[in-house]
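Fold and contact review
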Amino acid sequence: MERESNAYNVESKSIVGLGGKPKIAYFSMEIGIDENIPTYSGGLGILAGDTIKSCADLNVPIVGVTLLSENGYFYQKIDENGNQIELPMQFAVSNFLKLLPTTTSVKIEDREIKIRAWYYQYKGVGGYIIPVFFLDSNIEGNADWDRNLTKHLYGGDNKYRLAQEIILGIGGVRMLQTLGYTTIDRYHMNEGHAALGTLELYDQLNDVEKVRQQCVFTTHTPIAAGHDQFDLSYAKPMLGNMFPDFILDDVTFENKLNMTKLALFFSHYVNGVAKKHGEVSRMMFPGYSIESITNGVHSPTWVSEPFQRLFDKHMPGWRSDPYILRATFSIEKNAIWNAHMEAKRELINFVNKRYNIGMNYDDFTIGFARRQTAYKRPELLISDPERLKQIAEKAGPIQIIYAGKAHPKDGTGKESIRKIFEVMKTIQGKIKIAYVHNYDMMIGKKMTAGVDLWLNTPRRPKEASGTSGMKAAHNGVPQFGTLDGWWIEGCIENITGWAIGPEKTEDRESDDEIDRYDLYDKLESWIIPKYYNDRDNWIRTMRSCIAINASFFNTNRMIQQYVLNAYFR
Ligand SMILES: *Cc1c(COP(=O)(O)O)cnc(C)c1O
């Protein structure tokens, strides 16, 4: 990734090097676009980063807007008992981003808050550049509380969050205009955090239909608590005259300003992030037309180096056109296995070096890494350690690599980490388990490429999409998971991976007992025997993951759908 220091031309107030004038502005509270810029907490931010990368590869004229989040999300340490310790994650902002002289402002209560922007650019495979602006309120002259607003990603109380969203939404629209972007006529809100941008557009256009024509909204969670809402008692004074009274009934629920409802009200196109999530969202918000575009990942970012070399040799052009990955069917099985073992050795070496755990290259290795929170059921796999030991004795050795942060206020998520550490100690002699601390893009990439099986156990229907299994598929690693989110579309039993629990056609919620039984039973009777005793067929499965799933579940396909179905309709 290259960064050109003079890409921003102050004189002309425009970004030079763009192939065309940006038409679309993409707003996201978090963007994970670079391993060195820790302004993301998980899937939402990684998706935003991958989206921008694919736009750059495909010459889609878009600009990104996000918050600076100077202190990142947090750096995760874990003590020997599995207690998560959260440390601030400062990054050297000016090493990676360029401060622009332009400023704008927003009003919160009766204070005028000055905002500036840091510039980042991502260059696509063909040299096309996408600018990303990181908004920053830490400016002299602003009050102390206001200066802190762009420091903590998902930190602080509700008022802090609302103030952040005023900066992102209202401040973001104003910043783009101040920077001289006059050709933008599509505003894509990646989750409800940026919904207040619609109020700024309404303030300027004074016409609900005109605002709708410009707005696209992607909702990301089927869990009610995941939708931001703010008590009107403080939301109205904070927003002042930016809040038009006539929308009150449409955008509030139980006296709270609901950001999802606000975004729904002002958008002409709304989508969920997988087929099933579209259905669930239509039930949650009756009366709105909600479609779906299934998520993807940016192929060149998530393919490990050994597989990059293999793809370059057999399928040149896959970076800008990942549909080509279908041709993986014609790659020799040996070459697939060798690339996998190279990625696996790198992961095992990394884990052994850090945790001195003596994992083996040849042992069947299961990976589980994601936000640690109750619905993802991090401890399902180790919930019956005796049974797991039996399986290892009967079917062959098992190693498990875990990673993932729990939100600082998610007590249950933190408890899961402790639980894993507890089990880790009791069965360490029989089954090697490692918990890699501070899960981030770098570790995500190593893990999804280096394990033999990717495990995903969300309690359905709570997983909107999930993307880590798509990263695994790009590296020939099959997923074993509950049929929820993208996996309903991606799972072909025994060909791209395996399902846990109820079938696709059964519209049942997950039952922990049934799922645990199925998880252990399939590992014991199908998956591990295939790995150890039928290697040829195992590699066939690996190959299908790439050919069938990586060729489809990528952000290039995804952004093409956004362009056709959402942006230009
Ligand atoms: C891909 C990724 C995620 C999202 O994974 P899910 O399967 O959607 O939970 C979260 N965090 C990091 C660091 C990732 O790389």
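Each remark here, short or long, concerns the structure printed above.
For the structure given in this document, a descriptive report is provided here. All values reported here derive from a predicted model rather than from experimental measurement. (Residues numbered from 1 in each chain as written. Predicted model: local features only at pLDDT ≥ 70, side-chain atom pairs only at ≥ 80, totals over all residues. Heavy atoms only, no water.)

**A closer look at the overall build of the protein**
To keep it simple, the criterion reads: Helix and strand assignments come from DSSP, with helices taken as H or I runs of at least 4 residues and strands as E runs of at least 2, each series counted from the N terminus. Taken over C-alpha atoms, the radius of gyration is set against a globule rule of 2.2 Å times the number of residues to the power 0.38. Relative accessibility decides the category of a residue: with a 1.4 Å probe and only protein chains considered, values under 20% of the type maximum give buried, values over 50% give exposed, and everything between is partly exposed. Whether two residues are in contact is decided by their heavy atoms, any of which lying within 4.5 Å being enough. Charged residues are defined here as Lys and Arg on the positive side and Asp and Glu on the negative side; His and the ends of the chain fall outside this count. Working definition for charges: the position is that of NZ of Lys, CZ of Arg, CG of Asp or CD of Glu.
What the protein contains, in helices and strands, is 21 helices and 22 strands. For the protein, whose C-alpha radius of gyration is 23 Å, the value lies close to the compact-globule estimate of 25 Å for 569 residues. The principal-axis extent of the C-alpha atoms belonging to the protein is close to 70 × 50 × 45 Å. Per-residue burial for the protein yields a buried fraction of 62% across its 569 residues. Considering only contacts in the protein between residues 6 or more positions apart, those separated by 24 or more positions represent 72%. Each charge class in the protein can be summarised by its mean position, and for the 66 positive and 69 negative side chains these summaries are 3 Å apart.

**What to know about the site of the ligand**
Selection rule: For each residue, the test is whether any non-hydrogen atom lies within 4 Å of the molecule or strand; if one does, the residue is near. For the purposes of these results, a polar contact is taken to be a pair of N or O atoms within 3.5 Å, where, inside protein, one atom must be able to donate a hydrogen and its partner to accept one; residues adjacent in sequence count only when each atom of the pair is a side-chain atom. Any residue that is not Ala, Val, Leu, Ile, Met, Phe, Trp, Tyr, Cys, Pro, Asp, Glu, Lys or Arg is counted as polar, Gly included; the first ten are nonpolar and the last four charged. Source of the domain bounds: an automatic or database domain assignment.
Of all residues adjacent to the ligand, which total 13 residues, the nearest are Lys376, Gly466, Thr467, Ser468 and Lys471. Serine 468 is positioned with one of its side-chain polar atoms (N or O) 2.5 Å from an oxygen atom of the ligand. Within the side chain of lysine 471, an N or O atom sits 2.6 Å from an oxygen atom of the ligand. For the shell around the ligand, the secondary structure elements donating two or more residues are α1 (43-57) and α17 (468-474). Residue composition of the shell around the ligand, grouped by class: 4 nonpolar, 5 polar and 4 charged. Of the residues that make up the shell around the ligand, three or more belong to each of domain 1 (22-296) and domain 2 (301-311 + 324-553).

**A word on the pairing of strand β6 (residues 84-87)**
Sheet faces and side chains relate simply in a regular strand, where the side chains alternate between the two faces. Counted only if it meets this: Two strands are said to pair when DSSP picks up at least two bridges between them.
Pairing between strand β5 (residues 75-78) and β6: 4 bridges, direction antiparallel. Within β6, the residue paired with glutamine 76 across the bridge is glutamate 86. Once β5 ends, the chain turns through 5 residues before running back antiparallel as β6, passing glycine 82 with a positive phi of about 90°.

**Some details on the environment of glycine 155**
Mapping glycine 155 onto the fold places it in the loop between α3 (144-147) and α4 (158-178). Looking at glycine 155, the relative accessible area reads 17%, which means it is buried. Between the alpha carbons of glycine 155 and tyrosine 73 there is a distance of 8.0 Å; along the sequence they are 82 residues apart.

**Here's the deal with the pattern of salt bridges**
Going by this rule: For this analysis, a salt bridge means a side-chain nitrogen from Lys or Arg found within 4 Å of a carboxyl oxygen belonging to Asp or Glu.
Enumeration over the complete set of coordinates arrives at 27 salt bridges. Of the charged contacts in the structure, one is a salt bridge between lysine 333 and aspartate 536, with a shortest N-O distance of 3.8 Å. Taken together, the residues lysine 333 in helix α13 (residues 333-355) and aspartate 536 in helix α20 (residues 535-550) connect sequence positions 203 residues apart. Here aspartate 536 falls in the partly exposed class, since its relative accessible area comes to 41%. Here glutamate 493 makes a salt bridge to lysine 522, at a shortest N to O gap of 2.8 Å. Here glutamate 493 is found in the loop between α18 (487-490) and β22 (497-500), whereas its partner lysine 522 is found in helix α19 (residues 512-533), with 29 residues between them in sequence. With relative accessibility at 36%, the residue glutamate 493 sits in the partly exposed group. Lysine 522 sits in the buried class, given a relative accessible area of 14%. One connected set of salt bridges, linked through shared partners, spans Arg377, Arg459, Asp512 and Asp515.

**A few points about helix α7 (residues 232-239)**
Looking only at α7, the buried set comprises Leu232, Tyr234, Ala235, Met238 and Leu239. Where α7 terminates, the next one or two residues include glycine 240, which has phi positive at roughly 60°.

**As for the sheet that holds strand β4 (residues 62-67)**
If you trace the 9 strands from one edge of the open sheet to the other, you get β7-β8-β9-β4-β3-β10-β11-β15-β16, paired in mixed fashion. In the strand order of this sheet, the two ends are held by β7 (98-108) and β16 (291-292), each with one partner. Direction of pairing for strand β3 (residues 24-27) relative to β4: parallel, over a ladder of 4 bridges. Bridge pairing in β4 links alanine 25 to valine 63.

The values are spatial; any link to function lies outside them.
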